[in-house]
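So you can see what is in the structure, the chains are spelled out below.
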Number of protein chains: 2
Amino acid sequence: MKIVLDMMGSDKGSAATKEGAALFHERHPEIELVLVGSKEELSDLPFSFELVDAQDVVEMDMGAIEVLRKKESSLVKAISTCATEKADAVVSAGSTGAFLSASALILKKIEGIIRPALVTNFPNLRTGGSIVILDIGASIRNTPEELAQFALMGTLYSQAVNGIKDPKVRLLSNGAEEGKGSEEGKAAYKLLSESKLINFGGNSEASKVLTGDSDVIVTSGYDGNILLKATEGAAKGMSGLIKKAFKRNLFSKIGYLFAHRGFDELKKTLDPRSTGGALLCGVRAVAVKAHGNSDGLGFANAIEVAYRLANKGIVESLEKAMEGK
Amino acid sequence: MKIVLDMMGSDKGSAATKEGAALFHERHPEIELVLVGSKEELSDLPFSFELVDAQDVVEMDMGAIEVLRKKESSLVKAISTCATEKADAVVSAGSTGAFLSASALILKKIEGIIRPALVTNFPNLRTGGSIVILDIGASIRNTPEELAQFALMGTLYSQAVNGIKDPKVRLLSNGAEEGKGSEEGKAAYKLLSESKLINFGGNSEASKVLTGDSDVIVTSGYDGNILLKATEGAAKGMSGLIKKAFKRNLFSKIGYLFAHRGFDELKKTLDPRSTGGALLCGVRAVAVKAHGNSDGLGFANAIEVAYRLANKGIVESLEKAMEGK
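In this text the structure is predicted, and so the values were computed from the model without any measurement. (Residues numbered from 1 in each chain as written. Chains lettered and ligands numbered in written order. Predicted model: local features only at pLDDT ≥ 70, side-chain atom pairs only at ≥ 80, totals over all residues. Heavy atoms only, no water.)

What to know about helix α7 (residues 221-247) of chain B
In plain terms, the rule: Helix and strand definitions follow DSSP, with helices as H or I runs of at least four residues and strands as E runs of at least two, each counted in order from the N terminus. A helix's residues, less one, multiplied by 1.5 Å, set its expected span. Three exposure classes are used, based on accessible area relative to the maximum for each residue type with a 1.4 Å probe and protein chains only: buried under 20%, partly exposed in between, and exposed over 50%.
With 27 residues, α7(B) should cover 39 Å at 1.5 Å per step; its first-to-last C-alpha distance of 39 Å lies within 8% of that length. Across the 27 residues that make up α7(B), a large majority, 20, are buried.

A look at the packing of aromatic side chains
This is how it is decided: Aromatic pairs are defined between Phe, Tyr and Trp rings, using the six-membered ring for Trp, whenever the two ring centres lie within 6.5 Å; interplanar angles under 30 degrees are classed as stacked, those over 60 as edge-to-face, and all others as tilted. Note on criteria: charge over ring means Lys NZ or Arg CZ within 6 Å of the ring centre, with the direction from the centre no more than 35 degrees off the ring normal.
What the rule picks out here adds up to seven aromatic pairs over all chains. Summarising the aromatic geometry, the rings of A:Phe47 and A:Phe49 are spaced 5.7 Å apart at their centres and angled 65 degrees between planes, so their arrangement reads as edge-to-face. Ring plane angle 80 degrees and centroid distance 5.1 Å describe the contact between B:Tyr189 and B:Phe200, whose orientation is recorded as edge-to-face. With B:Tyr189 in helix α6 (residues 183-194) and B:Phe200 in strand β8 (residues 199-205), this residue pair connects regions lying eleven residues apart in the sequence. The residues B:Tyr189 and B:Phe200 share a single accessibility class, namely buried. Looking at A:Arg141, its charged tip hangs above the ring of A:Tyr222, at a distance of 5.2 Å from the centre.

Remarks on the packing of helix α1 (residues 14-27) of chain A against helix α10 (residues 296-311) of chain A
The relative placement of two packed helices comes down to the angle between their axes together with the axis-to-axis distance. Residue and element names in this part refer to chain A. For clarity, the threshold we go by: Axis angles are defined between N-to-C directions and span 0 to 180 degrees, where every axis is a line fitted to C-alpha atoms and, for a helix, only to the segment in contact. Each angle receives one of four descriptions, namely roughly parallel if under 35 degrees, roughly antiparallel if over 145, roughly perpendicular if within 65 to 115, and oblique otherwise. Take the far helix as your reference; a near helix turned counterclockwise from it by less than a right angle gives a left-handed crossing, and one turned clockwise gives a right-handed crossing. We call two residues in contact when some of their heavy atoms are within 4.5 Å.
Running from amino to carboxyl end, α1 crosses α10 at an angle of 50 degrees, the nearest separation of the two axes being 7 Å. It follows that α1 is oblique to α10 by the angle criterion. Considering the relative orientation of α1 and α10, their crossing is right-handed. Counted together, Ala16, Thr17, Glu19, Gly20, Ala21, Leu23, Phe24 and Arg27 of α1 and Gly296, Leu297, Phe299, Ala300, Asn301, Ile303, Glu304 and Tyr307 of α10 form the full contact between these two elements.

What to know about the relation of the copies chain A and chain B
For clarity, the threshold we go by: Least-squares superposition aligns the copies on the C-alpha atoms of those residues with pLDDT at or above 70 in both.
Here chain A sits on chain B after a turn of 180 degrees about the axis and a move of 0.0 Å along it, with an RMSD of 0.0 Å. Taken together, these values place the two copies in the relation of a two-fold axis. It is A:Gly255 whose C-alpha, among those of chain A, lies nearest the rotation axis, at 1.8 Å. A symmetric contact is evident, with 98% of the interface residues of chain A recurring at the interface of chain B.

Quick word on the interface of chain A and chain B
We apply this condition: When two parts are brought into contact, each loses some accessible area as probed by a 1.4 Å sphere; the total of that loss over both is the buried area. Here a salt bridge means any side-chain nitrogen of Lys or Arg lying within 4 Å of a carboxyl oxygen belonging to Asp or Glu. N or O atoms closer than or at 3.5 Å make up a polar contact, with two conditions inside protein: a donor-capable atom paired with an acceptor-capable one, and, for residues adjacent in sequence, both atoms drawn from side chains.
The interface is formed by 47 residues belonging to chain A together with 46 residues belonging to chain B. Both faces considered, chain A and chain B share a buried interface measuring about 4,200 Å² in area, 70% of it formed by carbon and sulfur atoms. Contact with chain B buries surface across chain A, with A:Tyr222, A:Met238 and A:Phe258 losing the most and accounting together for 15% of the total. Along the contact surface separating chain A from chain B lie four salt bridges. The salt bridge partner of A:Glu205 is B:Lys229, with a shortest N-O separation of 2.3 Å. At the surface where chain A touches chain B, the tally comes to eight residue pairs in polar contact (both at pLDDT 80 or more). For the side of chain A that touches chain B, the elements supplying multiple residues, two or more each, are β7 (168-173), α7 (221-247) and α8 (250-270) of chain A.

The following block contains the structure:
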């Protein structure tokens, strides 16, 4: 297996991606790594790898067309290398917009896929496992047919990464009952009810995502973004309140000394670094977008996600499912 | 001032609404209350009020047209009474859909308002104050013009209920920069930038709502619902994790004994009952929807919200602002 890494995309520079690549290499020394970036900056890594020199970096606010012209950038070169060398996966912490456009254009969509989706794992606070959510931002609004394809992608992701055999898929909506939701949502509900490829459980309200019985949540990209970010904001806000509650007075500070281990675990559960990255599902390779501000551990976890997805053959499974349609 | 109360709408029956009405009467004995509901059930209240007998109750899953035919229901009768007696406000814990349709039809829209919006207060975790959010579910998608009117409604609500003189309004979006968002959102951004009636601060990502610098968040109803419910779900999920963290072992249990006062406060901050209810803004009276599962305190707080809004003349302010346009 071969994984291509964009070493220059992280907000924290190549120090973070180098640490991440080294961490991943320690865990999986058998995997071939192709590192794309400044050869000077990458010269001191203590393990063997294929180097592709790229001196340019894609700026965060660059438009899609500008990005594609930046052929010497580490982001575009990493994706091109993945295509030309037929690598299994590519990982980048660079600009999301740039990553999405370049991946769709260079890696190409799988036959039959209308629109790729950005997929991520969310913590399942009920079971301690994970919930797959898609689309979280590759699109703004999606058609019913796109949403139905997302359900299939999410099912394959849940099987591959979370090891759930027959994942329960729900459609994000503003009410649990059928007939609730946007026009696209209502039409998607119908398509999903009729599909034999997925285990459809009906609508899910946003309040039931983290603690409900869903393994996969399907939504339009804009609403997926609101769901993800609102959860992130609430978790961050509450962490602040927890800190404040413990700092309240001498008694609460003593309380912290006794209880902090449990709270360290809670923090870990909600740490965005633990999910690693988001998959652009629907293109002909495993394309994983790591968080822009990934540190070493975050970048290593993103490579791990790419590794697992490639190892389980998610691209091939999706191709096969699309042929069967 | 006269406030009409639907006494039969709560999931918890008239015990909850009676307790709520009594609590409110204790706080504001000078306010005239009109209680609509079964005269038998309301016979034992220990204070004087006007009684309107209504023996029917609107079922939770009734369609809008069915509801309006239920003229003898406490919900429809409460809203009609508010209109015919020219009361200042009406409060109901009944079905949201029924309340929205009956209010819009019977109370009528304020001249110039395209579409009423459902408005609520959210805790501001940064300041300890409140953030106004609208629409949280009167519509699914809203036009740019509707969103621009929501900004004005939210400004008036923030001034009246939260006492903020020049509230900062932001538009919910999937990115902070201009040019992010849905087509309606982008067009609304332009309208809001040009408006002289509001203090527009640009877009807000969902992650910044609870802890950012906004006093008012404007959004389409569907996305407002996702934002509200995702926050509720995350808060609930985290409360569960906090409990678990404290129950972890003997040490953490001792920690709880020391720290619990701070956590009781945290719980209070996030208690949905403390916000009381949501205003249907844009109709010709203060129409407040209390939570369906309101207990006595929750229902009392909803009446309190209605009282404050009526006291500050939010309907008249909105009418004046619309005339000025």
